[in-house]
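Listed below, chain by chain, are the residues.
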Amino acid sequence: MHPMLTTAVKAARRAAGIITRASQDIDALTVKHKSHNDYVSEVDRAAEQAIIDVLLEAYPSHAILAEESGAQGDSEYQWIIDPLDGTTNFLHGFPQYSVSIALLHKGQLNQAVIYDPTRNDLFTASRGAGAFLNDRRLRVSKRLKLADALIGTGFPYRDFTHLDAYMAMFRDMLPKCAGVRRPGSAALDLAYVAAGRLDGFWEIGLNKWDIAAGCLLIQEAGGLVGDFNGDDGYIDSGNVVAGNPKVFAQLLQTLTPHLTPALK
Ligand code: IPD
Ligand code: CA
Ligand code: CA
């Protein structure tokens with residue numbers, strides 16, 4: 001394993017320890033309301049700090065972009081961190097959440113870790129060296145047709161700007177695929193595409209820390225990721241379509257007729 005990936009795994013496990021301990025007594029947590037349907041707990045913050053401490057101890061000159069504390073440092077290496085992806089699930093005791101850490105080097109995704117502490121699923125990828133679930137090499141699914149595909153998504157629940165466009169996409173998608181799931185951790189949804197547990201995924205308006213690690217996992221597992229035009233730029237726009245190559249193309253065909261000018 002690449003030494004930087006080893007460090008990221010150590011950081012993710014450290015954070016997961018904090019999350020798992022807290023999950024045993026969620027009623028005791030102090031929860032702050034950031035904005036409508038946007039909550040942050042002391043666990044998000046403590047997990048994030050633990051990750052940053054591990055990373056900066058090993059690589060003091062590296063830069064950080066983390067959900068709760070923002071950007072720090074200036075380096076060609078930047079770690080992108082979501083300490084707890086799926087906070088709403090976590091706060092309800094719904095066991096679907098993850099820790100997501102990615103490393104960008106000169107703007108290119110190089111290392112990725114997504115860890116699901118409730119299943120002990122450790123997803124890792126290094127650029128050019130493949131994607132893994134624990135020790136097993138990952139490939140995206142082989143399903144050829146959208147009609148047979150299980151598709152993951154995320155509903156709008158904080159920002160409803162694109163709700164109408166989303167509902168039109170959803171309405172069109174339901175009868176065309178085998179099923180749609182909204183598990184609640186975008187990072188884990190992307191890891192599931194890499195693992196072939198989902199054949200495809202789409203969501204509007206994600207953040208960099210939700211998607212960075214998952215995108216490298218999918219690419220290293222032979223899948224495709226794009227924005228609604230199938231192009232790069234999804235890391236910045238947060239509009240993400242992903243899947244095995246066949247399903248990816250059919251997802252785009254289904255979604256693009258519903259794009260509003262703001263989403264094009
Ligand atoms: C959220 C989750 C969710 C997605 C949201 C994200 P958070 O992240 O990934 O699945 O639908 O858009 O913001 O806030 O729980 O880290
Ligand atoms: Ca997130
Ligand atoms: Ca988060």
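This structure is a prediction, so every number in the text was calculated from the model and none was measured.

Our next topic: the overall build of the chain. Counting its regular elements, the chain contains eight helices and 15 strands. The globule rule puts the C-alpha radius of gyration for 264 residues at 18 Å, and the 17 Å found for the chain is close to it. A principal-axis box enclosing the C-alpha atoms of the chain has dimensions of 50 × 40 × 35 Å. Residues classed as buried in the chain amount to 55% of the 264 residues present. Across the chain, every contact between residues at least 6 apart in sequence was considered, and the portion connecting residues at least 24 apart equals 63%. Across the chain, 25 positive and 30 negative side-chain charges occur, with their mean positions spaced 7 Å apart.

Bringing the sheet that holds strand E15 (residues 240-243) into the picture now. Ordered by their spatial adjacency, five strands build an open sheet running E12-E11-E13-E15-E14, and the pairing between neighbours is mixed. The two strands at the open ends of the sheet, each matched to only one other strand, are strand E12 (179-181) and strand E14 (224-226). With strand direction ignored, the average angle separating the axes of adjacent strands in the sheet is 15°. Summarising the sheet, E14 and E15 pair through three bridges and their orientation is antiparallel. Along E15, the bridge assignment pairs Leu224 with Gly243. Strands strand E11 (150-153), strand E13 (200-203) and E15 of the sheet are contacted by helix H5 (residues 186-195), whose axis makes an angle of about 155° with E13.

We now examine the coordination of the calcium ion (ligand 2). Protein-derived coordination of the calcium ion (ligand 2) comes from Asp82 (OD), Asp85 (OD) and Asp210 (OD), at a distance range of 2.1 to 2.2 Å. Ordering the donors of the calcium ion (ligand 2) by residue number gives the pattern D-x2-D-x124-D.

A word on the site of ligand 1. Around ligand 1, the surrounding shell holds 15 residues, and the nearest of these are Asp85, Gly86, Thr87, Arg158 and Glu203. In this structure, Asp82 approaches ligand 1 through a side-chain N or O atom, which is 3.2 Å from an oxygen atom. At 2.9 Å, a side-chain N or O of Arg182 approaches an oxygen atom of ligand 1. Alone, ligand 1 offers 380 Å² of accessible surface; in the complex the protein occludes 94% of this. In terms of residue count, the dominant contributor to the shell around ligand 1 is strand E5 (residues 77-85) (three residues). A breakdown of the residues in the shell around ligand 1 according to their chemical character gives four nonpolar, four polar and seven charged. Here the shell around ligand 1 spans two domains, since at least three of its residues come from each of domain 1 (3-137) and domain 2 (146-259).

Positive phi, normally seen in glycine, also occurs at Lys106, with a value near 50°. Within the secondary structure, Lys106 sits in the loop between strand E6 (98-105) and strand E7 (108-116). Its identity is not glycine, yet Asn134 carries a phi of approximately 50°, on the positive side. With respect to the helices and strands, the residue Asn134 is situated in the loop between strand E9 (130-133) and strand E10 (136-137). For Asn134, a relative accessible area of 36% corresponds to the partly exposed category.

Here we come to helix H2 (residues 42-58). Taking 1.5 Å of rise per residue, 17 residues should cover 24 Å, and H2 covers 25 Å from first to last C-alpha, within 8% of that figure. Inspection of H2 places Val43, Asp44, Ala47, Glu48, Ala50, Ile51, Ile52, Val54 and Leu55 among the buried residues, and these make up the whole buried set.

Next up on the list: the domain arrangement of the chain. Segmenting the chain into domains produces domain 1 (3-137) and domain 2 (146-259). Counting residues at the interface gives 42 residues for domain 1 and 26 residues for domain 2. When domain 1 packs against domain 2, close to 2500 Å² is buried across both sides, 62% of that on carbon and sulfur atoms. Three residues, Gln96, Leu109 and Phe123, lead the burial of domain 1 against domain 2; their summed loss comes to 21% of the area buried on that side. In this structure, the connection of domain 1 to domain 2 is made through one salt bridge. Across the pair Asp121 and Arg197 runs a salt bridge whose closest N-O atoms are separated by 3.0 Å. Of all the secondary structure elements, the ones that give two or more residues to the side of domain 1 that touches domain 2 are E5, helix H3 (87-92), E6, E7, strand E8 (121-126) and E9. A per-element tally of the side of domain 1 that touches domain 2 places E7 first, with seven residues. Grouping the amino acids of the side of domain 1 that touches domain 2 by side-chain chemistry returns 18 nonpolar, 15 polar and nine charged.

Rules behind the numbers
- Starting afresh in each chain, residues are numbered from 1 along the sequence in its written order.
- Each chain gets a letter, beginning with A, and each ligand a number, beginning with 1, in the order they are written.
- It should be noted that, the model being predicted, local features are given only for residues of pLDDT at least 70 and side-chain atom pairs only at 80 or more, the latter also being counted only at that level, while totals for whole chains, interfaces and linings use all residues.
- Side-chain figures throughout are based on the complete set of non-hydrogen atoms in the structure, without hydrogens or water.
- What counts as a helix is a DSSP run of H or I of at least four residues, what counts as a strand is a run of E of at least two, and both are numbered from the N terminus.
- Values of the radius of gyration come from C-alpha atoms, whereas the globule rule sets the reference at 2.2 Å times the count of residues to the power 0.38.
- Between buried and exposed lies partly exposed: a residue is buried under 20% and exposed over 50% of the maximum accessible area for its type, with that area taken using a 1.4 Å probe on protein chains only.
- The contact criterion used throughout is that any non-hydrogen atoms of two residues lie within 4.5 Å.
- Positive charges come from Lys and Arg, negative ones from Asp and Glu, while His and the chain ends are left out of the count.
- Lys charges are placed at NZ, Arg charges at CZ, Asp charges at CG and Glu charges at CD.
- The criterion for strand pairing is that DSSP finds at least two bridges linking the strands in question.
- What counts as an axis is a line fitted to C-alpha atoms, over the stretch in contact for a helix, and the angles between N-to-C directions run from 0 to 180 degrees.
- Counted as donors are the N, O and S atoms within 2.8 Å of the metal, or 3.2 Å for Na, K and Ca, while water is not among the atoms, so some sites may look incomplete.
- By convention in this text, a residue qualifies as near a molecule or strand provided that one of its non-hydrogen atoms is within 4 Å of it.
- In protein, a polar contact means a hydrogen-donor-capable atom and an acceptor-capable atom, both N or O and within 3.5 Å, with residues adjacent in sequence counting only if both atoms are side-chain atoms; elsewhere, any N or O pair within 3.5 Å suffices.
- Only the protein chains shown count as covering a residue, and every accessible area follows the Shrake-Rupley method with a 1.4 Å probe.
- We call Asp, Glu, Lys and Arg charged. Ala, Val, Leu, Ile, Met, Phe, Trp, Tyr, Cys and Pro are nonpolar, and the rest, Gly among them, are polar.
- What marks off one domain from the next here is an automatic or database domain assignment.
- Multiplying 1.5 Å by the helix residue count minus one yields the expected span of that helix.
- By buried area we mean how much accessible surface two parts lose on assembly, using a 1.4 Å probe and totalling the loss over both.
- Note on definitions: salt bridges are taken to be side-chain nitrogens of Lys or Arg within 4 Å of carboxyl oxygens of Asp or Glu.

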